[in-house]
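A look at the structure
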Amino acid sequence: MCGIIGYTGYSEARGILIKGLKALEYRGYDSAGISVYHSDFKECLVAKCKGRVEDLEGKSADIKGNTGIGHTRWATHGGVSDENSHPHKFGNVTVVHNGIIENYETIKNTLNVGDKLKSQTDSEVAAALIDRCFTGDPQQAIVDAVKKLEGTYAFAVMFDSIPNTIYAVRNVSPIVCCKNDDGAYIASEIVAIGGYRESYFVLPEFSVAKITKDGFEIKDFSGNEIEVEMLKLDWDIKNSGKCGYPFYMEKEIMEQPDVIEKTVNMRIKDGLPDFSGDKVDNGIFEKCKNISVIACGTAMHAGLIGKQLIESTCAIPVSVYMASEFIYGNPIINDDTLVICVSQSGETIDTLEALKYAKSKGADTLSIVNVRGSSIARESDNVIYTDAGPEIAVASTKAYTTQVAVFYLITARLAYLRGSLNYEGVTRFIDELKKVPDAVRNVLDRRKEIHLLSKSMLTAEHTFMIGRGMDYPALLEASLKLKEISYVHSEAFASGELKHGTIALITGGTPVVALMTQQYLVSKQMSNIREVQSRGAEVITFVRSSLKADELENCFVLPELEDDFMLIPSVVALQLLAYYVSSDKGLDVDKPRNLAKVVTVE
């Protein structure tokens, strides 16, 4: 949600800002804008509009200068309009802002600026506050202003009276920074500026950065200089484009065998799972009496798989919580609990707040994230990075399957350390896990078969998905994929629950997707498939090769693995199903309506 870009240096800022905003489009937005300092006019000029970044390009064509800030906005306070778009200018101050200021109405009334504001946003109120606090020292003005704010924020600020300089400050919402010979860059995410320098740093919270063409000066709120930790980009920026695919989602689906293989193989030593490279303390696995997984959406579905794997293999009770509800449900968390937080971006605000709560209760914490230096990674005691590389499509694919791969590794490590499996048992587990990438390649090589099956779903308004055992949480993820990118109402059900009410919704021609990979449940799942067929449902079955029955006509045959390891190839096949329904309907697969890739507000 929302994106920030900033640049000051020797080149024209507008082109760099527009390029950065395009790189941030996938986060989700409804308007865009830039502000550039104009040396002749000696002020910051603003161009902004609702709509896409390409609409902004025409409106900003005449803006010239070497220093500027830009923003893509996801509407929170105030509707979608040109006026509510960022940047906001008030007096001497121009700002872009990510986050939410909870007490902006109080500040607006205290400042008595209601009749001077041009928008309905909390962000313009923050600009007015910084302008009111400014008496000549920009850093002190920013410190004095943000101390009055309640909520989360990342601000990039320019002053008309201080040419070719940007200031930045943050609380929770991220800002990353880098520099090369052409100047200095800031952004809300490294994907926007990673092409300029491999090394970068995350601006520490509650510090103010002064950014000039020569670099960065970072001070805490007391004026003391701060040394920052440099990070290195862990993926090739050249591969962050579509690489010939029509959509990022298809590219990212196709990357899954390689990223799963990388995620797993780098953590195997002598046939055993090994997290020493991640610096994960074995003690958190040895001493925990229960595990709580906290996540949102797709990441939560990965957690549900982790729950089944850990409970069935290690006999440790696992609870899975929606991060947005976690704090409000009075969860039972203590120093016997291992809390595992899962987030692709590492910036999901609900998950971050839940993590902080769990730590306050004495729990050990482990996070599974994809972005180095992210807020959740820094807050957590232990971190395992999924190494999936940048995921641009809003609908998660490779981030999800690598999260699940990490849960397989955690399960094996827990089982070995606690004696649930002996050496031979763990090595057999790992050997089967290492077969997963090739099974996924098999699915991808036959994707045209799935494309043909998807044709029957193009006109569907409602779809149901049914499965048992490990297949059920896999279908929760598959159903979410179909909903979010094709706008088909889809619900996943445990097959045994059909007769408890759901089967009333099955009528002639209703599409039903059935997943059947669990050997010990095959007879029951076949019975449920017959139940919906007898009521006129049009069933598409994704079935493990050894379980295929002659009566299954419209089906995709999945490669053969043991029960517990069928999940990933199954989900990849179902990702493709959703992808083809969406693309064949002519929808924007990568940017589904109303959705954002990174959810940074509660």
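Residues numbered from 1 in each chain as written. Predicted model: local features only at pLDDT ≥ 70, side-chain atom pairs only at ≥ 80, totals over all residues. Heavy atoms only, no water.

This next bit is on the overall build of the protein. Helix and strand content of the protein: 19 helices and 26 strands. The C-alpha atoms of the protein give a radius of gyration of 25 Å, which matches the 25 Å a tight globule of 602 residues would have. Taken over the C-alpha atoms alone, the protein extends approximately 80 × 55 × 45 Å along its principal axes. Sequence-distant contacts in the protein: of pairs separated by 6 or more residues, those separated by 24 or more amount to 72%. Taken as a whole, the protein presents about 22,700 Å² of accessible surface, with 46% of it coming from carbon and sulfur. In the protein, 64 positive and 81 negative side-chain charges are present, and the distance between their average locations comes to 1 Å. (Helix = DSSP H or I, 4+ residues; strand = E, 2+ residues; numbered from the N terminus. Rg over C-alpha atoms; globule rule 2.2 N^0.38 Å. Contact = heavy atoms within 4.5 Å. Areas by Shrake-Rupley, 256 points an atom, 1.4 Å probe, with all protein chains shown as cover. Lys, Arg positive; Asp, Glu negative; His and termini not counted. Charge placed at Lys NZ, Arg CZ, Asp CG, Glu CD.)

A word on the nonpolar core. Core analysis: the biggest nonpolar cluster contains 119 residues, and Ile291, Ile340, Ile410, Phe542 and Leu567 have the highest contact counts within it. Residues within four places of Ile291 in sequence aside, it is in contact with Ile310, Ile316, Pro317, Val318, Ser319, Leu338, Ile340 and Leu414. Listed in part, the 32 residues of the second largest apolar core include Leu111, Phe134, Phe159 and Ile162. (Core = buried A, V, L, I, M, F, W, Y, C linked by side-chain atoms within 4.5 Å. Buried < 20%, exposed > 50% of the residue type's maximum accessible area, 1.4 Å probe, protein only.)

What follows deals with empty space enclosed by the protein. One pass over the structure, following the stated rule, counts five cavities of 30 Å³ or more. The calculated volume of the second largest cavity comes to roughly 150 Å³. Contributing to the lining of the second largest cavity are 16 residues, with Val176, Ser188, Glu189, Glu347 and Val371 lying nearest its centre. Split by residue class, the lining of the second largest cavity holds seven nonpolar, four polar and five charged. (1 Å grid on protein atoms, 1.4 Å probe; cavity = no way out; pocket = protein on both sides within 12 Å on 5 of 7 lines; lining within 4 Å. Points joined across faces, edges and corners; volume = space filled by probe spheres on them. Nonpolar A, V, L, I, M, F, W, Y, C, P; charged D, E, K, R; others polar.)

Turning to the sheet that holds strand E13 (residues 215-220), a few remarks are in order. Taken together, six strands build an open sheet; the order of strands is E5-E6-E7-E8-E12-E13 and the sheet is antiparallel. Both outer strands of the open sheet, strand E5 (88-90) and E13, are each paired with one neighbouring strand and no more. Each strand of the sheet is rotated relative to its neighbour by a mean of 25°, with strand direction disregarded. Relative to strand E8 (residues 162-171), strand E7 (residues 151-159) is paired through six bridges, and the arrangement is antiparallel. Across the sheet, residue Phe159 finds its bridge partner in E8, namely Ile162. Lying over the sheet, helix H4 (residues 122-133) contacts E5, strand E6 (93-101) and E7, oriented at roughly 130° with respect to E6. Strand contacts of helix H5 (residues 138-146): E7, E8, strand E12 (207-212) and E13, with the helix running at about 30° to E8, the strand carrying the most contacts. (Pairing = 2+ DSSP bridges. Axes fitted to C-alpha atoms, helices over the stretch in contact; angles between N-to-C directions.)

Overall, the coordinates contain 17 aromatic pairs when judged by the stated rule. Ring centres 6.3 Å apart and planes at 80° place the aromatic pair Phe247 and Tyr579 in the edge-to-face group. Placement of the pair is Phe247 in the loop between strand E14 (230-232) and helix H6 (248-254) and Tyr579 in helix H19 (residues 567-584), with a sequence separation of 332 residues. Like Tyr579, Phe247 is buried. (Phe/Tyr/Trp six-rings, centres within 6.5 Å; stacked < 30°, edge-to-face > 60°.)

Within the structure shown, the criterion is met by 29 salt bridges. Salt-bridge contacts for Lys398 lead to Glu255; the nearest nitrogen and oxygen are separated by 2.7 Å. Note that Lys398 is positioned in helix H13 (residues 398-418) and Glu255 in the loop between H6 and helix H7 (256-265), a separation of 143 residues in sequence. According to the relative accessible area criterion, Lys398 is buried, its value standing at 2%. In this structure, Arg372 and Asp387 form a salt bridge, with 3.1 Å as the shortest nitrogen-oxygen distance. (Salt bridge = Lys/Arg side-chain N within 4 Å of Asp/Glu carboxyl O.)

The next subject is the pairing of E6. For a regular strand, the rule is simple: side chains alternate between the two faces of the sheet. With respect to burial, E6 is a largely interior element, nine of its nine residues being buried. Alignment of E5 against E6, held across three bridges, turns out to be antiparallel. When the bridges of E6 are listed, His88 appears paired with Val95. The turn linking E5 back onto E6 is made up of two residues, and Gly91 within it adopts a positive phi angle of 60°. The pairing of E6 with E7 spans nine bridges and is classified as antiparallel. Paired with Gly99 across the strands is Tyr153, a residue of E7.

Note: strands within a sheet are paired through backbone hydrogen bonds, in either parallel or antiparallel orientation. A sheet is described by the order of its strands in space; here five strands give the open sequence E18-E17-E19-E20-E21, paired in parallel fashion. The open sheet has two free edges, formed respectively by strand E18 (318-322) and strand E21 (382-385), since each of these has just one partner strand. In this sheet, neighbouring strand axes are inclined to one another by 20° on average, regardless of whether the strands run parallel or antiparallel. Note that strand E17 (residues 290-295) and strand E19 (residues 337-343) share five bridges and pair parallel. In the sheet register, Ile294 faces E19, and the bridge partner there is Cys341. Contacting E17, E19 and strand E20 (364-369), helix H11 (residues 349-360) runs over the sheet at an angle of about 165° to E19.

A few words now on the packing of helix H17 (residues 471-486) against H19. Put simply, H17 and H19 touch, their axes get as near as 9 Å, and they point 15° apart. Of the possible angle classes, the one that applies to H17 and H19 is roughly parallel. Between H17 and H19 lies a crossing of right-handed hand. Contacts between H17 and H19 pair Ala474, Leu475, Glu477, Ala478, Lys481, Leu482, Ile485 and Ser486 from the former with Leu567, Val571, Leu574, Ala578, Tyr579, Val581 and Ser582 from the latter. (Parallel < 35°, antiparallel > 145°, perpendicular 65-115°, else oblique. Left-handed = near helix turned anticlockwise from the far one by under 90°.)

Attention now goes to the environment of Ala302. As for its placement among the helices and strands, Ala302 is situated in helix H9 (residues 297-314). Counting along the chain gives 201 residues from Ala302 to Ile503, while the straight-line C-alpha distance between them is 27 Å. Excluding residues within four positions of it along the chain, Ala302 makes contact with Tyr400, Gln403, Val404 and Phe407.

Once that is clear, we can look at unusual backbone geometry. The residue after His86, namely Pro87, is reached through a cis peptide bond having omega 0°. Counting through the fold element by element, Pro87 comes out in the loop between strand E4 (67-73) and E5. Phi at Lys42 is positive, roughly 55°, even though this residue is not glycine.

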